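Structural features, examined
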Amino acid sequence: MKKLFFSKLIFCILFTSSLQSQNEVRIVKELGPGAENGLTDDAQIIGTVANSILIADSGNFITSNGTDPGTVISGELGEGGRILHHKTTLNDKLYFLLENETEDFQLMEFDPFSGSINTILSGYDNISNLIAYNGKLYCSAEGNDEDNAFISIDLSTGNIETIFELNSFGGMRDVAIHNNLIYTIHWSATQDGAFLASSDGTPGNVNEFYFFHDGSDFSQGRTINMTSADENLFMWYDNGPDNYTLFVSDGTASGTLELSNSFVPISFFDIEANRGIGTLGNKILFRGEVDGDSDENLWVSDGTISGTFPILIDGELEVKPRFFTTLNDKIYFNGAHTNSSFGAISGAMVSDGTESGTKRLFQGGNHPEDFNNDGWHIITHQDKLFFAANNSLHANELYASDGTLDGTERLSTIGQENEFSSVFNLRSAGENLFFFGNFDASGRELYVYGPTTSSIYNIVDHSLDVFPNPVDNILNINSDFKNVDQIEIYDFEGKLIKTFLQPNRRTLDVQDLTKGSYLLKVRQGQDISTSKFVKL
């Protein structure tokens, strides 16, 4: 029985704003006293949206906006519940896939502004390959009647449309957005075999332009990893004789090429945590393992056969690269950079996509902190690099850097001196950087680097109406605040876009805003009233 509905598990969240120059590291909320009552080893970050994070742990959904009152258990995964591979964001909400024994496969929604978790779609035997495209959600879905199709879901109307049918033998293997079209690898309902195809997302529109094979298929989306890099669309898939081949495509049959068939499958299931693939212009850098050699090396491809090769570091050192992140036209990652008598030494590395331009980022021993083992879980957040590293007094702590040694500083003190601590699973969410921190005395907890608690304002239940909504030029405000100090407009990544300092102003000129959704904040003292609006 297929159902489209919105069942809400609503828990009120206190919204926050910040003075953006003030930041600190803190435990978001101690979920339980002592080392045994925090997050478990199985805690899984589902995703982030706006300034919030969604976590699955011990059968529960945990949502947080970086504050103590805004961190709550917001529902249950259900008996045998598990989170599936694909997730996406649309209209400032997070969408993900859940499987449990009660409802089988479900499409779920997390709204960070209400704190609610909603069931959008259920009653299917399988849902996968979730993406957002042109204001709708798309996924492959198989009903209990064994019909298998790629469908669209219009959240504004609840309308579900079949885009094209799929062969139930192989179904859909992976999906990506590239050059403003949907690209899929799927088994055709009208031809024999598996194809690379494109679609504009309208019913009946599918162009199966490249044939792969018509044999057995044991691939998964987490090993195919369709990746868009400028004009190149990369993927690892079966070509028939070879089980795992790196392909590139420009969207045409003649422009779809086999780059290398020497790889063995590598699973990038938790791609946000380990990030085994990075993009730099039209290139990808990735962790690759070739058949007959168990080493995990750093590879690069520009979409040509000659431009697909391993980048060798210090001879033939096994680099084991991971946590790829891009900042200012360079790509950063953690990997082994030096061979020593004690074994391989790993740390933060930087690359411009060439062998000569790939090197160790900096010498932590020359820093006042004398840090080492740097670059673990490195990530870009608000135009800086953040990563975990050790130093002579502290174990694993959080550091921030502009990419230079002088511009690197330690931000956290999770553990006491000379005692164990660890920092991992860094996630950027608007103005918040979330991470897991582990210390013997407190156990595993959720931490945030974000606005200080002294700069967090109270959201109060004052009347605030904005009209017209959607708006083109002039936005009118009706608020029961008597003395407005300031009005601010934020995008839904948490970035401050405009500030109006005129007290008691009731009309705002927003014609220069780009199309999209925004959050309006009206301040009076330490109180804030908020409303969402859409710019046409």
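Thresholds, definitions, all that
- Residues numbered from 1 in each chain as written.
- Predicted model: local features only at pLDDT ≥ 70, side-chain atom pairs only at ≥ 80, totals over all residues.
- Heavy atoms only, no water.
- Helix = DSSP H or I, 4+ residues; strand = E, 2+ residues; numbered from the N terminus.
- Contact = heavy atoms within 4.5 Å.
- Areas by Shrake-Rupley, 256 points an atom, 1.4 Å probe, with all protein chains shown as cover.
- Pairing = 2+ DSSP bridges.
- Axes fitted to C-alpha atoms, helices over the stretch in contact; angles between N-to-C directions.
- Buried < 20%, exposed > 50% of the residue type's maximum accessible area, 1.4 Å probe, protein only.
- Polar contact = N/O pair within 3.5 Å; in protein donor to acceptor, adjacent residues only side chain to side chain.
- Patch = residues over 30% accessible without salt bridge, like charges linked within 9 Å, V, L, I, M, F, W, Y side chains within 5 Å.
- Salt bridge = Lys/Arg side-chain N within 4 Å of Asp/Glu carboxyl O.
- Lys, Arg positive; Asp, Glu negative; His and termini not counted.
- Charge placed at Lys NZ, Arg CZ, Asp CG, Glu CD.
- Phe/Tyr/Trp six-rings, centres within 6.5 Å; stacked < 30°, edge-to-face > 60°.
- pLDDT = per-residue confidence, 0-100.

1. Comments concerning the overall build of the protein
Within the protein, the secondary structure is distributed over 2 helices and 45 strands. Within the protein, contacts between residues at least 6 apart in sequence are counted, and of these 48% link residues at least 24 apart. Of the accessible surface of the protein, which amounts to about 22,600 Å², a share of 45% is contributed by carbon and sulfur atoms.

2. Notes on the sheet that holds strand 18 (residues 207-213)
Here we have 4 strands laid out as an open sheet, ordered 15-16-17-18, and antiparallel in their pairing. Looking along the sheet, the strands with just one partner apiece sit at the ends: strand 15 (172-178) and strand 18. Looking at each pair of strands side by side, their axes are set apart by 20° on average, direction ignored. One ladder, built from 6 bridges, connects strand 15 with strand 16 (residues 181-187); its direction is antiparallel. If you follow Met 172 over to strand 16, its bridge partner there is His 186.

3. Brief notes about the side chain of Asn 334
Structurally, the position occupied by Asn 334 is in strand 28 (residues 330-340). Of the residues examined, Asn 334 reaches a relative accessible area of 3% and is grouped as buried. Within polar-contact distance, the side chain of Asn 334 engages the backbone oxygen of Asp 374 at 3.1 Å. Discounting residues that sit within four places of it in the chain, Asn 334 has contacts with Lys 320, Pro 321, Arg 322, Phe 323, Ser 346, Gly 347, Ala 348, Asp 374, Gly 375, Trp 376 and Ile 378.

4. Some points on the pairing of strand 4 (residues 52-57)
Most of strand 4 sits inside the fold, with 6 of its 6 residues counted as buried. Across the two faces of strand 4 the burial is the same, with Ser 52, Leu 54 and Ala 56 and Ile 53, Ile 55 and Asp 57 all buried. Bridge count between strand 3 (residues 44-49) and strand 4: 5 bridges; the pairing is antiparallel. Within strand 4, the position partnered with Gly 47 by the bridge is Leu 54. Hairpin connection between strand 3 and strand 4: a loop of 2 residues separates the two successive antiparallel strands, and Ala 50 in this loop has a positive phi of roughly 50°.

5. Observations concerning a negative patch on the surface
Taken together, the side chains of Asp 104, Asp 125, Asp 145, Asp 147 and Glu 165 make up a negatively charged region of the molecular surface. Counting through the fold element by element, Asp 125 comes out in the loop between strand 10 (116-124) and strand 11 (126-133).

6. Some remarks on the packing of aromatic side chains
Under the criterion given, the structure shown has 26 aromatic pairs. Judged by centre distance (5.0 Å) and plane angle (85°), the rings of Phe 212 and Phe 247 are edge-to-face. Of this pair, Phe 212 sits in strand 18 while Phe 247 sits in strand 21 (residues 245-249); the two residues are 35 residues apart in sequence, bridging distant segments of the chain. Phe 247 gets classed as buried once you look at its relative accessible area, which sits at 0%. Where Phe 435 meets Tyr 447, the ring centres are 5.4 Å apart and the plane angle is 10°; that geometry is what we call stacked.

7. What about the sheet that holds strand 5 (residues 60-64)?
Strand order in the open sheet made by the 4 strands is 3-4-5-6, with antiparallel pairing throughout. Two strands close off the open sheet at either side, each with one partner strand: strand 3 and strand 6 (71-76). On average, each strand axis in the sheet is tilted by 25° relative to the strand beside it, whichever way the strands run. When strand 5 meets strand 6, the two strands line up antiparallel, connected through 5 bridges. Residue pairing in the sheet places Thr 63 in a bridge with Val 72 of strand 6.

8. Some thoughts on the confidence of the model for the protein
Detailed reading of the predicted coordinates is not advisable wherever pLDDT falls low. For the protein, the mean per-residue pLDDT works out to 86, and 90% of the residues sit at or above 70. The low-confidence segment residues 1-21, where pLDDT is below 50, has 83 contacts with residues more than four positions distant or belonging to other chains.

9. A short note on unusual backbone geometry
The omega angle of the peptide bond from Phe 467 to Pro 468 is -10°, so this bond is cis rather than trans. The topology assignment puts Pro 468 in the loop between strand 39 (464-467) and strand 40 (474-479). For the peptide bond that leads from Asn 469 to Pro 470, omega is 10°, which places it in the cis range. Topologically, Pro 470 is positioned in the loop between strand 39 and strand 40. For Asn 180, which is not a glycine, the phi torsion comes out positive at approximately 65°. By the element assignment, Asn 180 lies in the loop between strand 15 and strand 16. In this structure Asn 180 comes out as exposed when scored by relative accessible area, which is 65%. For Asp 370, which is not a glycine, the phi torsion comes out positive at approximately 50°. Relative to the elements of secondary structure, Asp 370 occurs in the loop between strand 30 (359-360) and strand 31 (372-381).

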